[in-house]
Amino acid sequence: MFVKIGLSVVVLLSAGASASAPVDPLTVPIVGERTAEWLAPTPPEKLYGNTYLVGFGGLSNALIDTGRGLILIDGALPQAAPMIMANVKRLGFKPSDIKYILSTEPHFDHAGGIAALTRDTGATVIASPRGAQGLRSGRLADDDPQRAYAHSFPGLARVREIRDGQKLRLGNTVVTAVATPGHTMGSMSWSWQACEARRCRNIVFASSLNPVSAEGYRYSARTSAGIVAGFKRSYAAMQLIPCDVLITAHPSQSGSNSRYVEGPGACKAYAEASERALADRLAKERGR
Ligand SMILES: [Zn+2]
């Protein structure tokens, strides 16, 4: 049975379960036009030092082995949770060693799987204050440009909040929270150093910065001023962030076909692409 929860997204309630098998409410698939592309199976791989990729062809998940537990970034869709844990195991790690799950944004495609992942690993979920609100409710915020889609995902009972610039320490790793609002006002990017021998590289896991919306939303409206100001703040943050390797929440957002982009200009180019897209959108809305 399909339940329509948005313009292009449906929840598949019976999800391949036989009459006798109990349905796991936290991994009930959310299926949309792009789900198959987002969740294209991809082998897990080591990126650099203690940093690994455990996500999919069209959705990123990073894993950091701090020596005193694992940190996972993002949870993809609800049905992706078991696949993420399988990828963690394929690398030789135990999902129960995941201590923290960091969230980039409270949307179903990046946060839908977090409820199942935290239940199954015991991990603490960490997000920005506005991101935490969205993760608890499992619903889009009133000021979300995609609000009219009314997407939802399994909400969380407990989320720890972290503010812009705060650092999370675990084992050999310090992850810095970098607020990157705009796409959602709770969006947060994450940065840390991964080292091999004496060479350390600055890794950035960047939240989505694309100025997309539900139909009828206007970025040029007075009520959208906070969103536009948020994007500007994110562009400034991305210009300043130490960035040797960029992982974007959807790999394709980095403008390449690979799972990450290397080079000091990667984060700047990412911000500039969003800046151009937002400028185009505003110009179109204002009739140029
Ligand atoms: Zn999103």
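Along every chain, residues carry numbers that run from 1 in the direction the sequence is written. Restriction of local features to residues with pLDDT of at least 70 applies here, the model being predicted, together with a cutoff of 80 or more for giving and counting side-chain atom pairs; totals for whole chains, interfaces and linings are based on all residues.

Draft legend 1. Fine view of helix H4 (residues 114-121). The exposure scheme places C-beta atoms from the backbone and then counts, for each residue, the other C-beta atoms within 10 Å of its own, assigning buried at 20 or more, exposed at 12 or fewer, and partly exposed in between. In this description a helix means any DSSP run of H or I spanning at least four residues, a strand means any run of E spanning at least two, and both kinds are numbered starting from the N terminus. Of all eight residues making up H4, six are buried, and the element is well covered by its neighbours. Looking at H4, one finds that the buried residues are Ile114, Ala115, Ala116, Leu117, Thr118 and Thr121. For H4, the secondary structure elements touched by its buried residues are strand E7 (70-73), helix H2 (81-90), strand E8 (98-102), helix H3 (108-111), strand E9 (124-127) and helix H5 (129-137). Of the residues flanking the end of H4, it is Gly122, one or two places downstream, whose phi is positive at about 80 degrees. Throughout, a residue-residue contact means that the two C-beta atoms, derived from backbone geometry, are no farther apart than 7 Å.

Draft legend 2. Local environment of the pairing of E7. Side-chain alternation along E7 places Leu70 and Leu72 on one buried face and Ile71 and Ile73 on a second face that is also buried. Bridge count for strand E6 (residues 62-65) against E7 is four bridges, and the pairing is antiparallel. Residue Leu63 lies in a different strand from E7, and its bridge partner there is Leu72. Taking the residues that link successive antiparallel strands as the turn, the E6-E7 hairpin has four residues, and the phi of Gly67 there is positive, at about 85 degrees. A pair of strands is treated as paired once DSSP finds two or more bridges between them.

Draft legend 3. A look at the confidence of the model for the protein chain. How sure the predictor is of each residue is captured by pLDDT, a score from 0 to 100. With 93% of its residues at a pLDDT of at least 70, the protein chain reaches an overall mean of 94. In this model residues 1-8 is a low-confidence stretch, pLDDT under 50, and it forms 19 contacts with partners more than four residues away in sequence or in other chains.

Draft legend 4. Main features of the nonpolar core. With 69 residues, the main nonpolar core has Leu72, Ile84, Ile101, Val125, Trp190, Leu246 and Cys267 as its most contacted residues. No other element matches the five residues that H2 contributes to this core. Every residue in contact with Val125, bar those within four places of it in the chain, is listed here: Ile101, Ser103, Ile114, Thr118, Leu135, Leu156, Val159 and Arg160. Any set of buried Ala, Val, Leu, Ile, Met, Phe, Trp, Tyr and Cys residues joined through C-beta atoms within 7 Å is what this text calls a nonpolar core.

Draft legend 5. Quick peek at the environment of Met238. Looking at where Met238 falls in the secondary structure, it is placed in helix H6 (residues 225-240). On a C-alpha basis, the gap between Met238 and Thr248 in space is 12 Å, while along the polypeptide they are ten residues apart. The residues touching Met238, leaving out its near neighbours within four places in the chain, are Cys267, Lys268, Tyr270 and Ala271.

Draft legend 6. Up close: the environment of Leu240. Topologically, Leu240 is positioned in helix H6. The spacing of Leu240 and Thr104 is 136 residues in sequence and 19 Å in space, taken between C-alpha atoms.

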